[in-house]
Amino acid sequence: KKTVIQAVTTSLFEKIHNVESCPNECVTMLNYQYRMHPDIGNFISEAFYDGKVFMGENTITQQLPLPSPYAKQILFIDTYKGFMKTGGYGAYERTVANSFCNELECDIICNQILPVISQHVDLKKYSVGVITPYSGQRDLLRHNIKDVNLRRCVYTIDSIQGREFDVVIFSFVRAFNPLSGRKVGFLDDMRRLNVSLSRAKKKLILVGNKRALTSPDSHADDAI
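Everything numeric here is computed off the predicted structure, so don't read it as measured data.

**Looking at the packing of aromatic side chains**
Aromatic ring pairs are reported here in terms of the distance separating the ring centres and the angle at which the planes meet. Inspection of the entire model under this criterion finds six aromatic pairs. Plain terms: the ring middles of Y155 and F165 are 5.5 Å apart, the flat faces sit at 40 degrees to each other, and that makes the pair tilted. Of this pair, Y155 sits in strand β7 (residues 154–156) while F165 sits in strand β8 (residues 165–171), and the two are ten residues apart along the sequence. Summarising the burial analysis for this pair, Y155 and F165 share the class buried. Grouped by ring-pair contacts, the aromatic residues F76, F170 and F172 constitute a single cluster.

**Looking at unusual backbone geometry**
Where the residue is not glycine, phi is negative for most of them; where a peptide bond is considered, it is trans in most cases. Following S68, the chain continues to P69 via a peptide bond in cis, the omega torsion being 10 degrees. Looking at the element boundaries, P69 is found in the loop between β2 (54–55) and β3 (74–78). The backbone of N58 shows a phi angle near 70 degrees, a positive value even though the residue is not glycine. With respect to the helices, strands and loops of the structure, N58 is situated in the loop between β2 and β3. Residue classification places N58 among the exposed positions, given a relative accessible area of 52%. One non-glycine residue with positive phi stands out, namely N98, at about 60 degrees. The class for N98 is exposed, based on a relative accessible area of 83%.

**A few points about the pairing of strand β9 (residues 200–208)**
Each regular strand shows side chains that alternate between the opposite faces of the sheet. Taken across its nine residues, β9 has nine buried, putting it largely inside the fold. Inspection of the sheet shows β3 paired to β9 by five bridges, in the parallel sense. Directly across from D78, in β9, lies its bridge partner G208. Summarising the sheet, β8 and β9 pair through six bridges and their orientation is parallel. The residue of β9 that forms the bridge with V168 is L204. Crossover β8 to β9 through helix α7 (residues 190–197) is right-handed.

**Notes on helix α4 (residues 103–120)**
The terminal C-alpha atoms of α4, which comprises 18 residues, lie 25 Å apart, in line with the 26 Å expected from a rise of 1.5 Å per residue. Its maximal kink placed at L114, α4 deviates by approximately 35 degrees, while the proline P115 follows within four residues. Within α4, the full set of buried residues consists of E103, L104, E105, C106, I108, I109, C110, I113, L114, V116 and I117.

**Remarks on the environment of K125**
In this fold, K125 is placed in the loop between α4 and β6 (128–132). Residues K125 and A97, spaced 28 residues apart in sequence, show a C-alpha to C-alpha distance of 36 Å.

**Re the sheet that holds β9**
The parallel open sheet is built from five strands, whose spatial order is β3-β9-β8-β6-β7. In this open sheet, the two strands that pair with only one neighbour each are β3 and β7. Strand-to-strand twist in this sheet, taken as the mean axis angle between neighbours without regard to direction, amounts to 20 degrees. Of the strand pairs in this sheet, β6 and β7 are connected by three bridges, and their pairing is parallel. Paired with I131 across the two strands is Y155, which belongs to β7. Strands in contact with α4 are β3, β6, β8 and β9; relative to β8, the strand with the most contacts, it is inclined by about 160 degrees. The strands that helix α5 (residues 135–144) touches are β6, β7 and β8; relative to β7, the one it contacts most, it runs at about 175 degrees.

Conventions adopted
- Residues numbered from 1 in each chain as written.
- Predicted model: local features only at pLDDT ≥ 70, side-chain atom pairs only at ≥ 80, totals over all residues.
- Heavy atoms only, no water.
- Phe/Tyr/Trp six-rings, centres within 6.5 Å; stacked < 30°, edge-to-face > 60°.
- Helix = DSSP H or I, 4+ residues; strand = E, 2+ residues; numbered from the N terminus.
- Buried < 20%, exposed > 50% of the residue type's maximum accessible area, 1.4 Å probe, protein only.
- Pairing = 2+ DSSP bridges.
- Right-handed = clockwise from strand over helix to strand, strands pointing away.
- Expected span 1.5 Å × (residues − 1).
- Bend = angle between axes of the 7 residues up to and from the residue.
- Axes fitted to C-alpha atoms, helices over the stretch in contact; angles between N-to-C directions.
- Contact = heavy atoms within 4.5 Å.

The structure is reproduced here in structure tokens:
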């Protein structure tokens, strides 16, 4: 178990940096980004790089006009607020085939967000990525998305390495009572979240249960 934890928590660059034969003067940080709108870029910088990543020239042009409430470059849709509206149905995660899915998040993405994008975005010109950590949610989304082209835009985190999208919709999936003793699992891995959220160039739309995601009781003590 110790070997596995070390393998998934220490990157190759960290290993190289930590060996004595690699002095500090040989290491530098790539501290300018040119992919994302500054609103997204600054969020990524603060969340994952202690504010040390700066915005490159012309990143302000990375914009995609959409009607309210999607006019902003970053939007968080809190499914906990939708709990009472649905009578609790589908608001919490459920286990499926050794994975997790969330019907309420799927409903919001398929019936609220994607129809607006389909109406206002030229999908031949702009790319969309619907990203989720869990294969169960990926399968649920693909099953419920009616547009064949958008159905092909659903990915798990581990399948998007190196890709980028004009619009990223991220489904957190995990939703439970924080007092239940459950944990968010590998959502605690900030590297994997970084890979997902930093794929967005113009729009980053996050869908999740704020109460479960932000509660200290939902996270492991050794979260990375």
